[in-house]
Every structure is written in C-alpha cells, then in structure tokens.
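One-letter residues, chain by chain:
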Amino acid sequence: MFRQSSVLPGFNLALGFTVLYLSLIVLIPLSATFLKSATLSWDEFWSTVTAPRVLASYRLTFGASLVAALINAFFGLLVAWVLVRYDFVGKGIVDALVDLPFALPTAVAGITLATIYAKNGWVGHLFAPLGIKIAFTPLGVVIALTFIGLPFVVRTIQPILEDFPSEVEEAAVSLGASRWQTFRMVILPSIGPAVLTGFALAFARAIGEYGSVIFIAGNIPMVSEITPLLIITKLEQYDYAGATSIAVAMLVVSFALLLTINVLQAWSARVRPPAVQEIAGEPA
Amino acid sequence: MSQTIALPTRPALSAQVTSEPKWLRGVLIGIALLFLGAFLWLPLLAVFVEAFREGVSVYWQALADPDALAAVRLTLLAAAIAVPLNLVFGVAAAWAIAKFEFRGKSLLITLLDLPFSVSPVIAGLIYVLMFGLQGWFGPWLAEHHIRIVFAVPGIVLATIFVTFPFVARELIPLMQEQGVEEEEAALVLGASGWQTFWHVTLPNIRWGLLYGVILCNARAMGEFGAVSVVSGHIRGLTNTIPLHVEILYNEYNAASAFAVASLLAFLALVTLAAKSLIGRHLHGHH
C-alpha cells in the first residue's frame, strides 16, 4: 500500500503539486549537469577536474572551509553556552544578531569584510605592522567563511543545551565530579552530536559559498581562487563542459555531506531523548 | 515558616553547583561577546559607517541613481514572484508530508532540502545548461525569440531555486506537531476540505507561515551567486540590488556601493527583528 488511509482530503493534489514543482525547479535542472557532463569522455572529465589550477582551488576551498568550521565549532559552542546558561544585559539582542550572517546578503558581507580586513581597514591596519596580510590571501577566505558558518553551529547546539536536564548535572556533582569533569564527561557527550552536526552544516555551507568570499579573496589563480569562482570563470570563457565537470565534482561532495548530516542528525536525536525522558519521567 | 524558607533553597543550591564561579562566567561571556563583536557586529557597523563616509548627499545620490532604482525594482519583482510561488509550494508540501503517512516520505523531505546543499553558483549554472544558447532548450528558445538566461526570467528562476525550501521547512515540523485531530473534527462536523484548511489549519500555522515567508523574502532579495550567473549584468536591465552593489564596488565607487548595500543591511535588521518577534509567538503557541 502506498499510503495509509485518512479522512483528510487533498493528498493527491498536495503531493502531486509538490512532486511536479520539485521536479521542474530542482530535480530536472540538477540532472542537466550530470547529463551534460556525460557528453564528455571519462578521460576528458577527469583531466578537467584534476587540472592543477582546479586542484589548487579544492585545497583552498576545503582547507579554508575546514578551518572556518573548526573555529565555528569552538566559538559556536561557547556562544550557545553563554546564551543558554548565563544572564547579561542585552542578551536578547545578542541572541537575535547571531542570525545576521543568514539575513545579511552575501555580497554585502563580502564587500564589508574586504574593506575591514584590507591593510588600511579597521582590523587590517592592526595586523599590517606585524606583516600579516588578511584581505586578498587565504586567511581572508577563512574569515569570510567563519562569518557565514557561525549561526549553523550556535542554532544547532542551542536547543539541545536548553533541554539538558539540570538533574543530570546535579547527580554528577553529588557523585563528586568537579565542574570541568561534569562538563567533559556528562554534558559534552550528549551535546557532542549536535556540535558535530553544526560543524558539518557550517562546512557544507562554506564549500559552496561564493558572494562573501570573492571580494576578500583577491582571486589569485593557484593561491586564493575558490572552486565556485572557477565554475564562473569557465562559464565566462564559454567552456560549458569544463564548468559543468567541476560543478558535478562539487555536487557529489555536497550530496555526500547532505547524507552525512542526515545521519548525524538522526544520531543526535537518538543520543538525546533517552537521557532527557528517563530523568524527566521520574516524579520529583 | 521554616518550610517556606526551606523550599527556595533547593533551586539556589542547584544553581550554585551546576554553574561556574562568577569570575569564570564573566570571562566566558567576555570571550563570546568579543568574538561576536569582531566577527558579526563590526561588519554590520562598518556597512553604515562606509555608506555615510562621504556625506549624506553622496548617499542619496547613490540611491536615487536610475540604475540603482532599476535594480530595486527588479529585486522587488523577483521576490514578488518567487516568494508567493514558494509559499504555495511550502503549504502543499507540508500538507502532504505532515498530515499523511506514505512511502518515500523521508526521501521526499531530503530532496526538498537539496537547494540548500547546492552552491549558489551551481544553482545558476543549471539554468544556463537548460535555457542558455548551448542548453537543452536553447535553440528552440532562440528560434522563438524568447530569452530566459541573461534576462529577467532567469533571475526569477534562480531566485525561486535558492529560496525553495524556506516555507516548507518551517511548516513541516509545526504541522507534524499539531497533528490531524482538529482537521478531522472539522470534517466530521460537516466542513468541506477547503473550509477546514482556511478556518482550522491556516489559523494554526499563521505564525510559522509568516516566519518562513520572512526568511524566504530576505534570501530572495539578497541572493547574489545564483543570480550573478544568470544575469548577464546589464545595467538598468538585469541587475538586482546585490549585483548593482558589486558593480559599484568593482568600479572603486565604494561610497555608493555601501550606500546601496546599506539598504540590504537595513532589510537584514528588519528581518532579524521580525524573526525574533514572530519566534516568540511561535514558541508561545506550542
């Protein structure tokens, strides 16, 4: 049987429209990339996606995304912790502004970060005397990707931390654990999957990011050129097959990450409820 | 008396043993705010400072420029088409997924999220491959003098793609949580399907719907990468606000670029304010 019976109407209409719209807007156009790249021979495809300039762009894109996601995992956990556990003046506004990178268009973030981190910018001029260049180097790419990824980590950890039952911590304390031991051995294991999920979400977003990066990156081939920019460069040279090949390589990675994130989220949900339910189920 | 004094000591004791010493709390809050200040608040402030750096008159000139106004109009048009379409889709998808049990549901949910996991550049590329001159429908479209890519329809399509999941994503968990009892009751009492939807379901999901629409709209108006690929960058014709910002910036006209960018930053602030207000309603509702 395809579906369980229900007295509610509209199933066929709603599902039919959903699948039609999904196919027209997303599935058919996405499959166009795979079909287009299939017109190339395997050797042509492989030499396109492993050309030295493309390999250098993978190193930058994946390396900078990894570093940015690690920074976000650490500071995102700290920000979530402070927002859930402590009270301070202006907390409501601080909390609302965490979503700024979601709301601020990437091009605006891009030109602003490039201006701040340029050698005469607000932050850049502090580092220029030390001989550290940020804008137009891979370091600038890391900065932009950190900006973009932060809310993913904070917003994934926050609800899990809010639901964490204080009884568990009290139990740990009454058994003689220090505060740090309680955090490391009791709290961290149950929010660990959420931290990992946030990390993966930030990483996945960073890999495809374009707008916030290109202004600060400087886009020097082999040095500070990200993979999405390379797709645009190929398109502007009317090298459709080349652009599509790189896009397919990126899509394969993105889909693998999407699967990983789904698995992580399922794990996160599995780790959490038993602990909460067992404790919360006990009458006080 | 002794009992009334004894009661409040328990939470106080609990707060003591399950929180950090005061100095550590201060240090952690300080580090968190320093990080947020450097990475989030400073750029936000910089947009407005840079926008007014050369004075108010330069600011207004940049906004009153015909190309800027054309960009604003095109952005509003793209959002006015993309948001309602994705709204209708979101409601339909959430109705099917949240109110019914069927095979392949979890696959469908995963597929709905696809646009979020695809690079915006690829979101633009796929429409070039479909409708560009070398694309599947390219020759046919050229024969009939229809332009999709490097014209307004392409911009609208790319905008629809990148904002595709927003409304559905908000509504599905909300409607799943609300269940089907209220709708079933309405149907048993003789309401038609549409009546049930308008008078029972819609009032229940209105805050979630608004939340999704606001997020969808913010992304629709601010999208850069996907729109950039399909736009063709023709000033006054196929430039949206973010693309206009890019052109001004690349022409070393920073003051004007930031002036126009401040419009988008203002939209972002309004979005965040609306989001946190509606979020309170949503959580109060549960």
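In this text the structure is predicted, and so the values were computed from the model without any measurement.

### Quick notes on the overall build of chain B
The secondary structure content of chain B amounts to 15 helices and 0 strands. Taking 19 Å as the expected radius of gyration for a compact globule of 286 residues, we find that chain B reaches 25 Å, considerably beyond that expectation. A principal-axis box enclosing the C-alpha atoms of chain B has dimensions of 85 × 60 × 30 Å. Residue pairs in contact within chain B that sit at least 24 positions apart in sequence constitute 72% of those at least 6 positions apart. Here chain B has roughly 13300 Å² of accessible surface; of this, 68% comes from carbon and sulfur atoms. Across chain B, 15 positive and 17 negative side-chain charges occur, with their mean positions spaced 7 Å apart.

### Considering the overall build of chain A
When its secondary structure is counted, chain A shows 13 helices and 0 strands. Ordered by position in the sequence, the α and β elements of chain A form the string α-α-α-α-α-α-α-α-α-α-α-α-α. Taken along its principal axes, the extent of the C-alpha atoms in chain A is 70 × 70 × 35 Å. Scored against the burial criterion, the 284 residues of chain A give a buried share of 52%. Counted over contacts in chain A with a minimum sequence separation of 6, partners at least 24 positions apart contribute 75%. When the accessible surface of chain A is split by element, carbon and sulfur atoms take 68% of a total near 12500 Å².

### Some words on helix α2 (residues 22-51) of chain B
Between its terminal C-alpha atoms α2(B) stretches 41 Å, which fits the 44 Å expected from 30 residues at 1.5 Å a residue. Along α2(B), the sharpest change in direction is near 45° and occurs at G37(B).

### A word on the packing of aromatic side chains
Geometry of an aromatic ring pair is reported as the spacing of the ring centres plus the angle between the planes. Inspection of the entire model under this criterion finds 28 aromatic pairs over all chains. For the pair Y58(A) and F62(A), a centre-to-centre distance of 6.5 Å together with 65° between the ring planes defines the contact as edge-to-face. Here Y58(A) pairs with F62(A), and both are found in helix α3 (residues 52-85), just 4 residues apart, close to one helical turn. Judged by relative accessible area, which is 17%, Y58(A) ranks as buried. An aromatic cluster of three or more residues is present, and its members are F17(A), Y21(A), F89(B) and F164(B). In this arrangement the basic side chain of R85(A) is found over the ring face of W81(A), its NZ or CZ atom lying 4.6 Å from the centre.

### Concerning the packing of helix α4 (residues 66-99) of chain B against helix α10 (residues 166-178) of chain B
All names here are of chain B. At their nearest, the axes of α4 and α10 sit 8 Å apart, and the two run at 30° to each other. Between α4 and α10, the interaxial angle falls into the category roughly parallel. Seen from above, α4 lies across α10 with right-handed handedness. Of α10, the residues touching α4 (which contributes N86, L87, F89, G90, V91, A93, A94, W95, I97, A98 and K99) are V167, A168, L171, I172, M175 and Q176.

### A word on the confidence of the model for chain A
Summarising the model, chain A shows a mean pLDDT of 90, and 95% of its residues fall at 70 or more. Here residues 273-284 of chain A is modelled with pLDDT under 50, and outside its nearest four sequence neighbours on either side it reaches 5 contacts, counting other chains as well.

### Observations concerning the interface of chain A and chain B
Contact residues are listed per partner, giving 89 residues for chain A and 90 residues for chain B. Summing the contributions of chain A and of chain B, the shared interface buries around 8000 Å²; its carbon and sulfur component is 80%. Between the two partners, chain A and chain B, sit 2 salt bridges. The shortest N-O distance in the salt bridge between K275(B) and D99(A) comes to 2.4 Å. Where chain A meets chain B, there are 9 residue pairs in polar contact (both at pLDDT 80 or more). Considering each element in turn, the side of chain A that touches chain B owes the most residues, 18 residues, to helix α1 (residues 11-38) of chain A. Looking at the side of chain A that touches chain B residue by residue, the class counts come to 65 nonpolar, 16 polar and 8 charged.

### Considering the packing of α3(A) against α2(B)
Relative orientation of the contacting elements α3(A) and α2(B) amounts to 125°, with a least axis distance of 9 Å. By the angle class used here, α3(A) and α2(B) are oblique. Between α3(A) and α2(B) lies a crossing whose hand is left-handed. Residues I71(A), N72(A), F75(A), L78(A), V79(A), W81(A) and V82(A) of α3(A) touch α2(B), and the partners they reach there are L28(B), I29(B), I31(B), A32(B), F35(B) and L36(B).

### Some words on the pattern of salt bridges
Enumeration over the complete set of coordinates arrives at 15 salt bridges over all chains. Among the salt bridges present, the one from E20(B) reaches R179(A), with a minimum N-O distance of 2.6 Å. Placement of E20(B) in the loop between α1 (2-17) and α2 and of R179(A) in helix α10 (residues 179-208) is noted, with the two residues assigned to different chains. The exposure class assigned to R179(A) is buried, which follows from its relative accessible area of 17%. A salt bridge links E101(B) to K105(B), with the nearest nitrogen and oxygen atoms 3.3 Å apart. Residue E101(B) is classed as partly exposed on the basis of its relative accessible area, which comes to 43%. Judged by its relative accessible area of 13%, K105(B) is buried. Connected through salt bridges with shared partners, the residues R85(A), E169(A), R179(A) and E20(B) form a single ionic network.

### Points about the side chain of S119(B)
Mapped onto the fold, S119(B) is located in the loop between α6 (114-117) and α7 (120-131). With near-sequence residues (within four places) excluded, S119(B) lies in contact with G208(A), P228(A) and M250(A).

### Overview of the nonpolar core
I25(A), Y117(A), I231(A), L112(B), F161(B) and L171(B) are the most contacted members of the largest nonpolar core, which has 186 residues in total. Those residues in contact with I231(A), other than ones at most four positions away along the chain, are A243(A), I246(A), A247(A), M250(A), V121(B), I122(B) and L125(B).

Cut-offs applied
- Counting restarts for each chain, with residues numbered from 1 along the sequence as it is written.
- Throughout, the order in which chains and ligands are written sets their labels, letters from A for the former and numbers from 1 for the latter.
- Local features in a predicted model are, by the rule used here, given only for residues with pLDDT of at least 70; side-chain atom pairs are given and counted only at 80 or more, and totals for whole chains, interfaces and linings are based on all residues.
- Side-chain numbers here rest on the full set of heavy atoms in the structure, without hydrogens or water.
- The secondary structure listing takes helices from DSSP runs of H or I that are at least 4 residues long and strands from runs of E that are at least 2 residues long, numbered from the N terminus.
- Taken over C-alpha atoms, the radius of gyration is set against a globule rule of 2.2 Å times the number of residues to the power 0.38.
- Throughout, a residue-residue contact means that at least one pair of heavy atoms, one from each residue, lies within 4.5 Å.
- Reported accessibility uses the Shrake-Rupley method at a 1.4 Å probe radius. Residues are deemed covered only where the shown protein chains occlude them.
- We treat Lys and Arg as the positive residues and Asp and Glu as the negative residues; His and chain ends play no part in the count.
- Charge positions come from single atoms, namely NZ of Lys, CZ of Arg, CG of Asp or CD of Glu.
- Only protein chains enter the accessibility calculation, which uses a 1.4 Å probe; a residue whose area is less than 20% of its type maximum is buried, one above 50% is exposed, and one in between is partly exposed.
- Any helix carries an expected span of 1.5 Å times its number of residues minus one.
- Each residue is assigned a bend, namely the angle between axes fitted to the seven residues that terminate at it and the seven residues that start at it.
- The criterion for an aromatic pair is that two Phe, Tyr or Trp rings (for Trp, the six-membered ring) have centres within 6.5 Å, with stacked assigned to planes under 30 degrees apart, edge-to-face to planes over 60 apart and tilted to the rest.
- Whether a charge sits over a ring depends on NZ of Lys or CZ of Arg being within 6 Å of the ring centre and within 35 degrees of the ring normal.
- Angles here are taken between N-to-C directions and fall from 0 to 180 degrees, while the axes themselves are lines fitted to C-alpha atoms, restricted in helices to the stretch in contact.
- Here the angle decides the label: under 35 degrees means roughly parallel, over 145 means roughly antiparallel, 65 to 115 means roughly perpendicular, and every other value means oblique.
- Handedness of each helix crossing follows the sense of rotation of the near helix against the far helix: counterclockwise by less than a right angle gives left-handed, clockwise gives right-handed.
- A residue's pLDDT is simply how confident the predictor is in it, with values from 0 to 100.
- Reported buried area values correspond to the accessible surface (1.4 Å probe) lost by two parts on association, with both partners' losses combined.
- We define a salt bridge as a contact between a side-chain nitrogen of Lys or Arg and a carboxyl oxygen of Asp or Glu at a distance within 4 Å.
- Residues adjacent in sequence count toward polar contacts only when both atoms are side-chain atoms; beyond that, a polar contact is any pair of N or O atoms within 3.5 Å, and within protein one must be able to donate a hydrogen and the other to accept it.
- Any residue outside Ala, Val, Leu, Ile, Met, Phe, Trp, Tyr, Cys, Pro, Asp, Glu, Lys and Arg is labelled polar, Gly included; the first ten of those are nonpolar and the last four are charged.
- Among buried residues, those of type Ala, Val, Leu, Ile, Met, Phe, Trp, Tyr and Cys that are joined through side-chain atoms within 4.5 Å constitute a nonpolar core.

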